[in-house]
4 protein chains.
Amino acid sequence: MKKVRARDLGIPFEGSPGKFNAITDVHGVTVGYSTIIEGTDARTGVTVIHPRGADDFTPAFAGVHTFNGNGEMTGAAWVEEGGMLEGPIGITNTHSIGIVHHSIIKWQVEHHKMLQHWSCPLVAETADAWLNNMNGFFVQEHHAMHALTSAKSGAIEEGNVGGGTGMLCYEFKGGTGTASRKLPEKLGGWTVGVLAQTNFGRRYQLTIAGVPVGQYLKSDAPVTSGENPFRQEAGSLVVIVATDAPLMPHQLKRVAKRVTLGMGRTGTTGGNGSGDLFLAFTTANVEAARGGVIAQMQALPNDQLDPIFGATVYATEEAIINSLVAAEDMTGHEISAKALPHEEVKELLRKYGRL
Amino acid sequence: MKKVRARDLGIPFEGSPGKFNAITDVHGVTVGYSTIIEGTDARTGVTVIHPRGADDFTPAFAGVHTFNGNGEMTGAAWVEEGGMLEGPIGITNTHSIGIVHHSIIKWQVEHHKMLQHWSCPLVAETADAWLNNMNGFFVQEHHAMHALTSAKSGAIEEGNVGGGTGMLCYEFKGGTGTASRKLPEKLGGWTVGVLAQTNFGRRYQLTIAGVPVGQYLKSDAPVTSGENPFRQEAGSLVVIVATDAPLMPHQLKRVAKRVTLGMGRTGTTGGNGSGDLFLAFTTANVEAARGGVIAQMQALPNDQLDPIFGATVYATEEAIINSLVAAEDMTGHEISAKALPHEEVKELLRKYGRL
Amino acid sequence: MKKVRARDLGIPFEGSPGKFNAITDVHGVTVGYSTIIEGTDARTGVTVIHPRGADDFTPAFAGVHTFNGNGEMTGAAWVEEGGMLEGPIGITNTHSIGIVHHSIIKWQVEHHKMLQHWSCPLVAETADAWLNNMNGFFVQEHHAMHALTSAKSGAIEEGNVGGGTGMLCYEFKGGTGTASRKLPEKLGGWTVGVLAQTNFGRRYQLTIAGVPVGQYLKSDAPVTSGENPFRQEAGSLVVIVATDAPLMPHQLKRVAKRVTLGMGRTGTTGGNGSGDLFLAFTTANVEAARGGVIAQMQALPNDQLDPIFGATVYATEEAIINSLVAAEDMTGHEISAKALPHEEVKELLRKYGRL
Amino acid sequence: MKKVRARDLGIPFEGSPGKFNAITDVHGVTVGYSTIIEGTDARTGVTVIHPRGADDFTPAFAGVHTFNGNGEMTGAAWVEEGGMLEGPIGITNTHSIGIVHHSIIKWQVEHHKMLQHWSCPLVAETADAWLNNMNGFFVQEHHAMHALTSAKSGAIEEGNVGGGTGMLCYEFKGGTGTASRKLPEKLGGWTVGVLAQTNFGRRYQLTIAGVPVGQYLKSDAPVTSGENPFRQEAGSLVVIVATDAPLMPHQLKRVAKRVTLGMGRTGTTGGNGSGDLFLAFTTANVEAARGGVIAQMQALPNDQLDPIFGATVYATEEAIINSLVAAEDMTGHEISAKALPHEEVKELLRKYGRL
């Protein structure tokens, strides 16, 4: 059965989505998952994004922004320096960074997808330390390989899947969410797609469509937060933004920065414990990205970026809410986590005139 | 007559303000204005913030964050490098950066407030190019001197005053706003104060207390924006955060980053044309800030920062809304700008259950 | 009489210079000076660089690097964010940043060279606080205008000219220096030009062609440094790099970073008191830099950057040494400074087999 | 037999080393190696640095600088954000980042050395792709564990050991090098220790004590470079700086930046292909670093940093040269590499008056 998404509940968002309302609306992008739910303790997995699909390992121009560096995104140094994303993106739990890093290189070596003598893959994480036993190291090489080889375009799953399997968001069950925006032709016609692995926020902060629903949805919080509006936030948010707009690396860095505002629209105040690292890449300018020779490329002027910035903010907000809407109740390592109660949310939005 | 503030209209905000709900709630901080409204073209001014009052020029630990560098904040290089704010802060219009920079040095020289053989003052700006003729260079040395010498603690003015005199915000009359938060003792008891010079945002984006009021308040926009949700945003936002919490420079940089989320709560998607530069400083650890000798200082652990982050986000949001609520209709150089219509805003908030 | 340059003394450098061995070897770049030497206290000035000459105000792609932010480079925020240098570059003394900033905007307004409603000029500084009385504010609007309007291509002056008039370098008389490299065609044939305003370093550190000459040239140091190898360094270094290679902003930032190594070749260990701020721009890709529409541009792959990096390092080294070789004895505000003794340097280089 | 070090050859350096002229001169720091030389293809290993020894996992204040981000340093995001190094440092080859990352977490879990629910270890790399078959993934968990548990203080090995086993430097055999400086009491008496894993530079660039020895030592270069002074540089440089000076994170970042100048003294121009990532940490202020409560800490004023900056530059230079002097001929995966020829170097230094 197809999972319900935020728009299915009538939650309003700004802007018009692409066909699948997913990061895969950006032509060429594919997404693969490996979901591990075993025994009482294993609630984790791996998400892989191929910027140009698994068969085309041409690099992609990219930029990163760290809103809060309490986390890990390997490979970010070269994106920042060289403006290049050279290979697939992996997202997993904090303690499986190593095995996924290793596995991506091994896959590149075995499939002759190395660009140079060396590879520094991009692997990001959030911590599923409560539903999953991160110290069990459940992610193995074959899981990463499965995510790498099973990636596909079109509609993709959300909620308790891939790297997001065991995550918490605003003290509800979080996970994986996606969304996209297709700009009108007169604004460039570009597509912006977002994939978020959500594991951040305190219950009282949760805001949906501007309504502070978290202040009313107090029951079933898995972690005792009391009424204190200033408690320590744990967890993290990883967001990957894809576009087909012909942006240069410094412009993609600016796009990645705007993720912050999309995240903010869901209510967080940016806790110390949350590693919020964002990446944006473009599939455009493939010849220039390939390197080797002086190539022609298209350059979008800075003063045409606002629609792309807006699309990024709005798609990020929707991807986060989608991760909450799609996620389902889960019992795991140390706790049980409840899914966002759809009916109560609808009721609150109705009460506040937003439905 | 005392101006109305956002809370007077019943607009809800998170957290508890300090005594004056102003940046001056941080002990020692003083604020001075020079407001220039002359003829048909001069609608501008200067705002000065003395971190420790005009008579104490001990440096202050500080950090900066540039959300969008389409603007100017002189002196930021040393704050970033040395972690120090060495002197008063000036805020003015874009084309008066030079004269205010010059004037602050002159004031430091004349009053023997130079710390070294040289001074690199911190001067920030937003562009009042529509209500004010920036090319008229109306700000003169005596205006800057007035702001420097008239600074005071306690309640301070908002709206069409100081550097914010001729600014626009969300296509309403913007200007200067302030707010503060006083944390409960069990969360440290620290005070966080914010001063914002607001000159950013498109009408359709304006969000107050989570309600997208800008989508309804379409009349009287001074700049034609049509219905297009992705138009170019012009203008800028400068925010200064003061605190008495004993933070190190890298932690103050983190505080400055959180201003982004407060700005986001008012609806912007971070336009290319908006120079959004933020500074945070602390009045704490005065001995260590004075330098010269190895000093003892207090260090707040990172995991006690969340209340300060939250206070920064919420006080920023309120300072921006305060700037809109306090501003009054103005006719100037090229346009007329309307103030935020208090009654219509209240009606909209009532309709959406937020009043 | 034509001043002697470092190569005239036989000092060896790596790489081949362009026609004038100056930043003006990059086609279109012009340089103007205003030199102020009056009475006993005024020893200062203004240097202006027009990236495309005074008549063409098309922006230029650019990048900045701050090795040590104890200084000022206004306008750097937009270079970092937008990748664009929009107007002429000014370099002066620390306390004349304001007047030069003001003057550049005024010149842009009067000559209709504004790109937008606002301008945030790039003005950098070093402190001539010992030979010049910076608190005398000797630089006036007409000085800046003179530098702006008298800029020229071809051979340019070095030593006690322009913004560098009153500077000290390694406790000798410093000032303004320039150099360039022309790459062989098989390495791209690009030109890299450097202009340095030198005001940094302790005598004992000075290294020329790898020879620690500063350890022998101890006489006539204007500031008592004793024998202590670890004394506080004051002063600063501003370096502007121009090229015609088709680099993107993030690549120009990488070029600016390499200035650090060129600086290092002259012996400094990077003192706290030295504001070392570097900018690199390219005159290439003029259509894309102009903005407004989606433009075609050329992209140089990262793996073809090494010759440009090397040229930057070597031209920076030579520009710094050129500033020392060209500078002449000066008596001013508080001290007298000796020029680098050419004969003694030659003798030392001969002794160490480098001449 | 004790290996020869650079000073044993008479090569002159600035400043006075500590007892062992090693990073271990900073009290508490221990270093462990795992060296893998097997068959024809395995020439690699792991280096571990415990900031406070293996038994004390109190975090350390730290800062990072990326001179050229063509490499990997996991864990750097939190050092940059939180100013904290939380656990041991691992250094290995590029394709073993994953396994070392995994192993450090496992070691932390097994020995109850986790500070939080999660760990983001700091692991850096250089590429031994020519002497070692990086795609053979020879580094295994037990190798990392050995380096973690065998770490010791006092004199440590250099050359073909640990992570540096299969590295090349200036086209000679490179590897691991270390050095330290002990400041005079009147300059603070602090110790600065450096450990470098060297894998960078082109033969013609190599400079020792200011003498361009690489221009004469052309024989036996393992990689054909021809005479071309601007060829692509491959390889990387990782440098770890330890000190006991009471520096704040933003000051340690400044220390890390100065490594650039030490690297530059050996002749490189900073090639695109070289990942040059530097970390500096302090063992001081242990109470504040431990966190949890508001702690007292010592603050060193910025204007007392110059001796520490100088010590960093000079110790970095010496550590790099030490790595070259200690390394021995090696035949491996694809090439044979020659060690730096001690006698020829001495002869060249003698010729240029530096011995």
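Everything below is about the structure printed above this text.
Since the structure is predicted, the reported quantities are computational estimates derived from the model, not experimental observations.

Novice: Looking at this structure, how should I read the overall build of chain A?
Specialist: Helix and strand counts for chain A come out as seven helices and 15 strands. Here chain A has a C-alpha radius of gyration of 19 Å; the compact-globule value for 355 residues is 20 Å, and the two agree. Over its C-alpha atoms, taken along the principal directions, chain A stretches across nearly 60 × 50 × 40 Å. Across chain A, the mean location of the 29 positive side-chain charges is 5 Å away from that of the 35 negative side-chain charges.

Novice: Could you clarify how one ought to interpret the packing of helix H2 (residues 97-110) of chain A against helix H2 (residues 97-110) of chain D in this entry?
Specialist: A pair of packed helices is characterised by two quantities: the angle between their axes and the separation of those axes. Orientation of H2 of chain A relative to H2 of chain D, taken along the N-to-C sense of each, is 165°, at an axis distance of 7 Å. Judged on the interaxial angle alone, H2 of chain D and H2 of chain A are roughly antiparallel. Crossing hand, H2 of chain A versus H2 of chain D: left-handed. From H2 of chain A, Ile97, Gly98, His101 and His102 of chain A reach across to H2 of chain D, where they touch Ile97, Gly98, His101 and His102 of chain D. Its residues assigned to classes, the contact of H2 of chain A with H2 of chain D comprises two nonpolar, six polar and no charged.

Novice: Looking at this structure, how should I read the relation of the copies chain D and chain A?
Specialist: Here the two chain copies are tied together by a rotation about an axis and a shift along that axis. Mapping chain D onto chain A calls for a rotation angle of 180° and an axial translation of 0.0 Å; the resulting RMSD is 0.0 Å. Given the turn and translation reported, the copies of this chain are related as if by a two-fold rotation axis. Identified as the residue of chain D closest to the rotation axis by C-alpha distance is Gly98 of chain D, at 1.9 Å. Same-surface contact between copies: 100% of interface residues of chain D are shared with the interface of chain A.

Novice: For this particular structure, what's the right way to read H2 of chain D?
Specialist: Residue pairs three or four apart in sequence face the same way in an α-helix, which turns once every 3.6 residues. For H2 of chain D, with 14 residues, the first-to-last C-alpha span of 20 Å sits near the 20 Å given by 1.5 Å per residue. When you tally the buried positions in H2 of chain D, you get eleven out of 14 residues, the bulk of the element. Within H2 of chain D the residues assigned to the buried category are Ile97, Gly98, Val100, His101, His102, Ser103, Ile104, Ile105, Trp107, Gln108 and Val109 of chain D. In the core, the buried residues of H2 of chain D are packed alongside H2 of chain A together with strand E2 (42-50), strand E5 (89-93), strand E6 (122-126) and helix H3 (141-149) of chain D. Directly beyond the C-terminal end of H2 of chain D, a positive phi value near 55° is found at His112 of chain D.

Novice: Before we go on, may I ask you to explain the pattern of salt bridges in this structure?
Specialist: Pairing is possible between side chains of opposite charge, provided their charged atoms come close. This model, assessed by the stated rule, comprises 52 salt bridges over all chains. Arg290 of chain A is paired through a salt bridge with Glu287 of chain A; the nearest N and O atoms lie 3.0 Å apart. Taken together, the residues span about one helical turn, with Arg290 of chain A and Glu287 of chain A both in helix H5 (residues 286-290) at a distance of three residues. A salt bridge links Asp329 of chain C to Lys338 of chain C; its shortest N-O distance comes to 3.6 Å.

Novice: What am I meant to see in the packing of aromatic side chains here?
Specialist: Inspection of every chain in the model, using the stated rule, returns eight aromatic pairs over all chains. With centroids separated by 6.0 Å and ring planes inclined at 45°, the aromatic side chains of Tyr216 of chain B and Tyr352 of chain B adopt a geometry described as tilted. With Tyr216 of chain B in the loop between strand E10 (191-199) and strand E11 (236-243) and Tyr352 of chain B in the segment after helix H7 (342-351), this pair connects stretches of sequence that are 136 residues apart. Looking at Tyr352 of chain B, the relative accessible area reads 4%, which means it is buried. For the cation-ring pair, Lys351 of chain A lies above Tyr216 of chain A, with the distance from its terminal atom to the ring centre recorded as 5.0 Å. Across the ring face of Phe309 of chain C, the terminal group of Arg258 of chain C is positioned such that the distance to the ring centre comes to 3.9 Å.

Novice: Help me understand the environment of His250 of chain B, please; the structure alone is not making it clear to me.
Specialist: Within the secondary structure, His250 of chain B sits in helix H4 (residues 249-264). A sequence separation of 188 residues divides His250 of chain B from Ala62 of chain B, and the C-alpha atoms of the two residues are 8.2 Å apart. Excluding residues that lie within four positions of it along the chain, His250 of chain B makes contacts with Asn302 of chain B together with Glu81, Gly82, Gly83 and Pro249 of chain D. For His250 of chain B, the side chain forms a polar contact with the main-chain oxygen of Gly82 of chain D, separated by 3.1 Å.

Novice: Whenever I open this one, unusual backbone geometry confuses me. Can you help?
Specialist: A negative phi angle characterises most non-glycine residues, just as the trans form characterises most peptide bonds. In this structure, Tyr170 of chain B is a non-glycine residue whose phi angle is positive, near 55°. For Tyr170 of chain B, the location among the structural elements is in the loop between strand E7 (168-169) and strand E8 (172-173). The class for Tyr170 of chain B is buried, based on a relative accessible area of 0%. With phi around 55°, Asn285 of chain C is a residue other than glycine that occupies positive phi space. Within the secondary structure layout, Asn285 of chain C lies in the loop between strand E12 (275-282) and helix H5 (286-290).

Novice: For this particular structure, what's the right way to read the sheet that holds strand E5 (residues 89-93) of chain B?
Specialist: All names here are of chain B. Spatial ordering of the open sheet is given by E1-E2-E5-E6, a layout of four strands whose pairing is mixed. Here the strands that pair on one side only, and so sit at the sheet edges, are strand E1 (30-38) and strand E6 (122-126). Adjacent strand axes in the sheet meet at a mean angle of 15°, parallel and antiparallel pairs treated alike. Relative to E5, strand E2 (residues 42-50) runs antiparallel, the two sharing three bridges. Paired with Thr47 across the two strands is Ile91, which belongs to E5. Sheet strands in contact with helix H2 (residues 97-110) are E2, E5 and E6, and its direction is about 155° off that of E6. Contacts between helix H3 (residues 141-149) and the sheet are confined to E1 and E2, with E1 contributing the most and set at about 145° to the helix.

Novice: Looking at this structure, I do not really get the relation of the copies chain A and chain B. What am I missing?
Specialist: For the pair chain A and chain B, the best superposition has an RMSD of 0.0 Å and corresponds to a rotation of 180° with a translation of 0.0 Å parallel to the axis. A shared binding surface is used by both copies, with 100% of the interface residues of chain A retained as interface residues in chain B.

Novice: When you look at the interface of chain D and chain A in this model, what are you seeing that I'm missing?
Specialist: In many reports, interface size means the accessible area that the parts give up when they come together. Taken residue by residue, the interface counts 36 residues in chain D and 36 residues in chain A. Among the residues of chain D in contact with chain A, His117, Trp118 and Phe137 of chain D are the three that bury the most area, contributing 19% of the side total. Taken together, chain D and chain A are joined by eight residue pairs in polar contact (both at pLDDT 80 or more). In terms of residues, the side of chain D that touches chain A owes the most to one element, H2 of chain D, which gives seven residues.

Novice: Explain the sheet that holds strand E3 (residues 60-69) of chain C here, please?
Specialist: Paired through their backbone hydrogen bonds, the strands of a sheet run either parallel or antiparallel. Residue and element names in this part refer to chain C. The strand order across the open sheet formed by six strands is E4-E3-E12-E11-E10-E9, and the pairing between neighbours is mixed. Every interior strand has two partners, whereas the edge strands, strand E4 (84-85) and strand E9 (175-182), have only one. For E9 and strand E10 (residues 191-199), the ladder comprises eight bridges, and the chain directions are antiparallel. Each residue of the ladder has a partner; that of Gly177, found in E10, is Ala196.

Novice: Could you clarify how one ought to interpret the interface of chain A and chain B in this entry?
Specialist: Chain A puts 44 residues into the contact, and the matching count from chain B is 44 residues. Linking chain A with chain B are zero salt bridges, by the criterion used here. Counting the contacts that link chain A with chain B gives 18 residue pairs in polar contact (both at pLDDT 80 or more). For the side of chain A that touches chain B, the secondary structure elements donating two or more residues are strand E3 (60-69), helix H4 (249-264) and helix H6 (306-326) of chain A. Of the residues in the side of chain A that touches chain B, the class split is 15 nonpolar, 19 polar and ten charged.

Novice: Could you clarify how one ought to interpret the side chain of Asn272 of chain B in this entry?
Specialist: Mapped onto the elements of the fold, Asn272 of chain B is located in the loop between H4 and strand E12 (275-282). Within the structure, the side chain of Asn272 of chain B is placed 3.4 Å from the backbone oxygen of Asn302 of chain A, a separation counted as a polar contact.

Novice: I'm lost on the pairing of E2 of chain D in this one. Help?
Specialist: The side chains of a regular strand alternate, residue by residue, between the two faces of the sheet. Residue and element names in this part refer to chain D. In terms of burial, E2 is a largely internal element, nine of the nine residues being buried. Burial along E2 is two-sided: the residues Ala42, Thr44, Val46, Val48 and His50 and Arg43, Gly45, Thr47 and Ile49 are all buried. Joining the antiparallel neighbours strand E1 (residues 30-38) and E2 is a turn of three residues, in which Gly39 adopts a positive phi near 55°.

Novice: Sorry if this is basic, but what is going on with the environment of Asn68 of chain C here?
Specialist: Along the polypeptide, Asn68 of chain C turns up in strand E3. Each C-alpha atom of the pair Asn68 of chain C and Gly271 of chain C lies 8.3 Å from the other, and the pair is 203 residues apart in sequence. Ignoring anything within four residues of it in the chain, the contact list for Asn68 of chain C reads Glu81 of chain B, Gly271, Asn272, Gly273, Ser274, Gly275, Asp276 and Leu277 of chain C together with Arg254, Lys257 and Arg258 of chain D.

Novice: When you look at the state of the cysteines in this model, what are you seeing that I'm missing?
Specialist: Formally, a disulfide is one covalent bond, and it connects the sulfur atom of one cysteine to the sulfur atom of another. A complete count under the given rule lists zero disulfides over all chains for this structure. Sulfur of Cys169 of chain A: no disulfide; nearest cysteine sulfur belongs to Cys120 of chain D and is 18 Å away. The class for Cys169 of chain A is buried, based on a relative accessible area of 0%.

Novice: What is the right way to look at the pairing of strand E3 (residues 60-69) of chain D in this model?
Specialist: Residue and element names in this part refer to chain D. In terms of burial, E3 is a largely internal element, nine of the ten residues being buried. Here E3 pairs with strand E4 (residues 84-85) via two bridges, running antiparallel. Residue Phe61 lies in a different strand from E4, and its bridge partner there is Met84. In terms of strand pairing, E3 meets strand E12 (residues 275-282) through seven bridges, oriented antiparallel. Residue pairing for E12: Gly69 is matched across the bridge by Gly275.

The rules behind the values
- Residues numbered from 1 in each chain as written.
- Chains lettered and ligands numbered in written order.
- Predicted model: local features only at pLDDT ≥ 70, side-chain atom pairs only at ≥ 80, totals over all residues.
- Heavy atoms only, no water.
- Helix = DSSP H or I, 4+ residues; strand = E, 2+ residues; numbered from the N terminus.
- Rg over C-alpha atoms; globule rule 2.2 N^0.38 Å.
- Lys, Arg positive; Asp, Glu negative; His and termini not counted.
- Charge placed at Lys NZ, Arg CZ, Asp CG, Glu CD.
- Axes fitted to C-alpha atoms, helices over the stretch in contact; angles between N-to-C directions.
- Parallel < 35°, antiparallel > 145°, perpendicular 65-115°, else oblique.
- Left-handed = near helix turned anticlockwise from the far one by under 90°.
- Contact = heavy atoms within 4.5 Å.
- Nonpolar A, V, L, I, M, F, W, Y, C, P; charged D, E, K, R; others polar.
- Least-squares fit on C-alpha atoms with pLDDT ≥ 70 in both.
- Expected span 1.5 Å × (residues − 1).
- Buried < 20%, exposed > 50% of the residue type's maximum accessible area, 1.4 Å probe, protein only.
- Salt bridge = Lys/Arg side-chain N within 4 Å of Asp/Glu carboxyl O.
- Phe/Tyr/Trp six-rings, centres within 6.5 Å; stacked < 30°, edge-to-face > 60°.
- Lys NZ or Arg CZ within 6 Å of the ring centre and 35° of its normal.
- Polar contact = N/O pair within 3.5 Å; in protein donor to acceptor, adjacent residues only side chain to side chain.
- Pairing = 2+ DSSP bridges.
- Buried area = accessible area lost by both parts, 1.4 Å probe.
- Disulfide = S-S within 2.5 Å.

Function cannot be inferred from these measures alone, as they are strictly geometric.
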